[in-house]
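Chain by chain, the residues run as shown.
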Amino acid sequence: MSNKAVLKYQNSTGLEDRELPIKIISMPKEAENINKTSRASKLLKGAKGIAKSTLGIDIAGKDTIKIRRQICEDCDKRKDKRCGACGCYIVHKTRLASESCPNGYWVAEDNEL
Ligand code: SF4
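Predicted model only: the values in this text are computed from it and were never measured.

> Help me understand the overall build of the chain, please; the structure alone is not making it clear to me.
When its secondary structure is counted, the chain shows three helices and four strands. Ordering the α and β elements of the chain from the N terminus gives β-β-α-α-β-β-α. Here the chain, with 113 residues, has 18% of them falling under the buried criterion. A separation threshold of at least 6 residues defines the contact pool for the chain, and within that pool the share at least 24 residues apart is 50%.

> Just to check I follow, could you spell out the site of the ligand for this structure?
Taken together, the residues surrounding the ligand are Ile-71, Cys-72, Cys-75, Lys-77, Arg-78, Cys-83, Ala-85, Cys-101, Pro-102, Asn-103 and Tyr-105. In terms of residue class, the shell around the ligand is made up of eight nonpolar, one polar and two charged.

> Would you mind going over unusual backbone geometry with me for this structure?
Generally, phi is negative for residues other than glycine and the peptide bonds are trans, each holding for most cases. If you check the backbone angles, Asp-58 has positive phi at about 65° while not being a glycine. Looking at where Asp-58 falls in the secondary structure, it is placed in the loop between α1 (36–55) and α2 (62–74). We classify Asp-58 as partly exposed; it has 19 C-beta atoms within 10 Å. The phi angle at Asp-80 is positive, at roughly 60°, despite the residue not being glycine. Looking at the secondary structure, you find Asp-80 in the loop between β3 (78–79) and β4 (82–83). Asp-80 sits in the exposed class, given 8 other C-beta atoms within 10 Å.

Thresholds applied
Note that residues are indexed from 1 along each chain, following the sequence as it is written. Totals for whole chains, interfaces and linings use every residue, but because this is a predicted model, local features are given only for residues with pLDDT of at least 70 and side-chain atom pairs only at 80 or more, for both listing and counting. Numbering of helices and strands starts at the N terminus; helices are DSSP runs of H or I of at least 4 residues and strands are runs of E of at least 2. Exposed residues have 12 or fewer other C-beta atoms within 10 Å of their own C-beta, buried residues have 20 or more, and partly exposed residues fall in between, where C-beta atoms are placed from the backbone. In this description, any two residues whose backbone-derived C-beta atoms lie within 7 Å of each other are considered to be in contact. Think of it this way: take the backbone, place a C-beta atom on it, and check whether that atom is within 6 Å of the molecule or strand, in which case the residue is near it. Each residue gets one label: Ala, Val, Leu, Ile, Met, Phe, Trp, Tyr, Cys and Pro are nonpolar, Asp, Glu, Lys and Arg are charged, and the others, such as Gly, are polar.

Now the structure itself:
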């Protein structure tokens, strides 16, 4: 399955749109019972998140990433390299400042106390 994600990218002259081809290789088993519209929406959100993480856009602080990964590492929802609650890859999800844990174990950087 292929998709394209359009991302806002900050360059020296301002924001520009970049269209990135994304190849989605597999679906998490937890997503099998989600209806198709919701599944497509989640896949696109996940693809955008991976692209942003890979390009270094919306990256959280090093301490925040470290703490989030420790929480995920100890979480009973974790399924290998993915979050069992949302299906996201933990390595990418924890890097994005605007991401949050679907179970509320950690929040987006803007919402931290
Ligand atoms: S994002 Fe939240 S629910 Fe998912 S593995 Fe991490 S701590 Fe657990």
